[in-house]
Amino acid sequence: MGRLQDRVALVTGASRGIGRAIAADFAAEGAIVVGTGRHAATGLPAMAEIVAGGGRARFLEGDVADEARVQEIVATVLADHGRIDIMVNNAAIQREGRLAEQRTSDFHDVVNTNLLGTFLFCRAVLPAMVTQGSGVIINVSSVLGLVGDPVLPVYCATKAGILGLTRSIAIAYADRGVRAVGLCPGDVDTELNQQYFDSQPDPAAFRSRIEREYPVRRIATVEEIARVATFLASDDASFIAGTHVLVDGGILSRIYEV
Ligand SMILES: NC(=O)c1ccc[n+]([C@@H]2O[C@H](COP(=O)([O-])OP(=O)(O)OC[C@H]3O[C@@H](n4cnc5c(N)ncnc54)[C@H](OP(=O)(O)O)[C@@H]3O)[C@@H](O)[C@H]2O)c1
């Protein structure tokens, strides 16, 4: 029996990176996983790999910012599986550039994916979780929900907003059996993070510098984040609600290196 045996889990942005690793770890712990993303061309093979490894997973295409599609995805999962035990709001994008360089369209794109998408999926799954009398919502924020980044102002705003949303959901629904928790990774080795490194004049040197900035002298693997998500989704975390969990290799524990 896995720690998430027969739980039905919906994971947004499961086609690559952290979301894919969460989907795989959940499935390895016995969950029935429904992964989403905008592109079936990458999402289908990602979930097929989990199935090939003996897990239960499927992919539903959709943009988290598309309100009608979010409703459809949740309705499909409920129709096919009867319940939703775990909701992981993981899909996110970022647009690098200092505030004066950011276009209004960048603001809308980042807010719509990261914050509106999280809001829409939380709102869509909550009625079922309340009816069940149980459920876990994990909203993926970031260390950048807690501190700023000069070239990711809108991303930081959404990640801070996600923590506020999570706290509010948690205290509104905790007595109905629903736990909402934020998850704040530091740098993780994914395409999104590589996009950040690539926005610098010397990406390889910048990446090395960032790795050295971490007290653990490296950035995280996707599996290190997924294992914490699995813990938070499991009954082992039954008294964790409303707060956020930092998975940051110690980076936020110091002011600067001496
Ligand atoms: N990597 C890091 O260093 C790091 C650090 C802290 C926090 N995080 C957070 O961790 C989460 C995952 O990041 P990641 O690094 O794994 O990113 P990633 O490698 O870029 O993967 C993002 C996933 O989200 C999907 N996605 C993007 N926009 C979407 C939309 N509008 N609707 C549906 N799906 C969408 C992508 O698939 P499609 O493109 O096919 O839609 C992909 O599956 C994000 O919330 C991010 O903010 C990451």
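Residues numbered from 1 in each chain as written. Predicted model: local features only at pLDDT ≥ 70, side-chain atom pairs only at ≥ 80, totals over all residues. Heavy atoms only, no water.

Bringing the overall build of the chain into the picture now. Secondary structure summary: the chain contains 8 helices and 7 strands in total. The C-alpha radius of gyration computed for the chain amounts to 18 Å, which stays within 12% of the reference 18 Å derived for 258 residues, consistent with globular compactness. Along the longest, intermediate and shortest principal axes, the C-alpha atoms of the chain span 50 × 40 × 40 Å. For the chain, the share of sequence-separated contacts (at least 6 apart) that also reach a separation of at least 24 residues comes to 71%. Approximately 11700 Å² of the chain is accessible, and the part contributed by carbon and sulfur atoms is 54%. Seen as two clouds, the 24 positive and the 30 negative side-chain charges of the chain have centres 2 Å apart. (Helix = DSSP H or I, 4+ residues; strand = E, 2+ residues; numbered from the N terminus. Rg over C-alpha atoms; globule rule 2.2 N^0.38 Å. Contact = heavy atoms within 4.5 Å. Areas by Shrake-Rupley, 256 points an atom, 1.4 Å probe, with all protein chains shown as cover. Lys, Arg positive; Asp, Glu negative; His and termini not counted. Charge placed at Lys NZ, Arg CZ, Asp CG, Glu CD.)

Turning our eyes to something else, we now look at the site of the ligand. The immediate surroundings of the ligand are formed by 30 residues, with S15, R38, N90, Y155 and T190 found nearest. Measuring from a nitrogen atom of the ligand, one finds a side-chain N or O atom of D63 at 2.9 Å. Between T113 and the ligand, the recorded distance is 3.4 Å, taken from a side-chain N or O atom to a nitrogen atom. Here the ligand loses 97% of its free accessible area of 880 Å² to cover by the protein chains. Secondary structure elements with two or more residues in the shell around the ligand: α1 (17-28), α5 (153-173) and α6 (191-198). The two domains that each donate at least three residues to the shell around the ligand are domain 1 (8-185 + 222-244) and domain 2 (189-219). (Near = heavy atom within 4 Å. Polar contact = N/O pair within 3.5 Å; in protein donor to acceptor, adjacent residues only side chain to side chain. Domains from an automatic or database assignment.)

With that settled, consider the packing of α6 against helix α7 (residues 203-213). The contact between α6 and α7 brings their axes to 8 Å, and the two run at 115 degrees. Considering their axes alone, α6 and α7 lie roughly perpendicular with respect to each other. Across the interface between the two elements, Q194, Y196, F197 and D198 of α6 pack against P203, F206, R207 and I210 of α7. Residues belonging to the contact of α6 with α7 are distributed by class as follows: 5 nonpolar, 1 polar and 2 charged. (Axes fitted to C-alpha atoms, helices over the stretch in contact; angles between N-to-C directions. Parallel < 35°, antiparallel > 145°, perpendicular 65-115°, else oblique. Nonpolar A, V, L, I, M, F, W, Y, C, P; charged D, E, K, R; others polar.)

This next bit is on the nonpolar core. Ranked by size, the top nonpolar core spans 35 residues in total, and within it I22, F26, V33, M47, V88 and L183 carry the most contacts. The set of elements that each furnish at least two residues to this core consists of β1 (8-11), α1, α2 (40-52), β3 (56-61), β4 (86-89), β5 (135-140), β6 (178-185) and α8 (222-233). When residues in this core are grouped by element, the largest group, 7 residues, is from α8. Once residues within four sequence positions are removed from consideration, V33 is found in contact with A9, V11, A23, F26, A27, R56, A57 and R58. Counting residues in hydrophobic clusters, the runner-up holds 25 residues, among them I32, L60, V64 and L120. (Core = buried A, V, L, I, M, F, W, Y, C linked by side-chain atoms within 4.5 Å. Buried < 20%, exposed > 50% of the residue type's maximum accessible area, 1.4 Å probe, protein only.)

All right, on to the packing of aromatic side chains then. Across all of its chains, the model carries 3 aromatic pairs by this definition. A centroid spacing of 6.2 Å and a plane angle of 50 degrees characterise the contact between Y196 and F197, whose relative ring orientation is tilted. A relative accessible area of 11% means that Y196 is categorised as buried. Among the residues examined, F197 registers a relative accessible area of 0% and is labelled buried. Taken together, a centroid distance of 6.0 Å and an interplanar angle of 70 degrees make the contact between F197 and F206 edge-to-face. For F206, a relative accessible area of 12% translates into the label buried. Among the aromatic residues, those joined into a cluster by ring pairs are Y196, F197 and F206. (Phe/Tyr/Trp six-rings, centres within 6.5 Å; stacked < 30°, edge-to-face > 60°.)

Attention now moves to the sheet that holds β6. Spatial ordering of the open sheet is given by β3-β2-β1-β4-β5-β6-β7, a layout of 7 strands whose pairing is parallel. Strands at the two margins of the open sheet, each flanked by one partner only, are β3 and β7 (244-247). In this sheet, neighbouring strand axes are inclined to one another by 20 degrees on average, regardless of whether the strands run parallel or antiparallel. The sheet contact formed by β1 and β4 spans 3 bridges and is parallel. (Pairing = 2+ DSSP bridges.)

We now examine the pattern of salt bridges. Taken as a whole and assessed by the stated rule, the structure comprises 19 salt bridges. Note that R209 and E213 form a salt bridge whose closest N and O atoms lie 3.4 Å from each other. Taken together, the residues R209 and E213, both in helix α7 and 4 residues apart, mark about one turn of the helix. When its relative accessible area of 40% is taken as the criterion, R209 is described as partly exposed. Taken together, the shared-partner salt bridges connect R95, R103, D106 and D109 into one network. (Salt bridge = Lys/Arg side-chain N within 4 Å of Asp/Glu carboxyl O.)

Before going further, it helps to examine a nonpolar patch on the surface. Among the surface-exposed residues, L146, V147, L246 and L252 lie close enough to one another that they form a single nonpolar patch of about 280 Å² accessible area. Structurally, L146 is set in the loop between β5 and α5. (Patch = residues over 30% accessible without salt bridge, like charges linked within 9 Å, V, L, I, M, F, W, Y side chains within 5 Å.)

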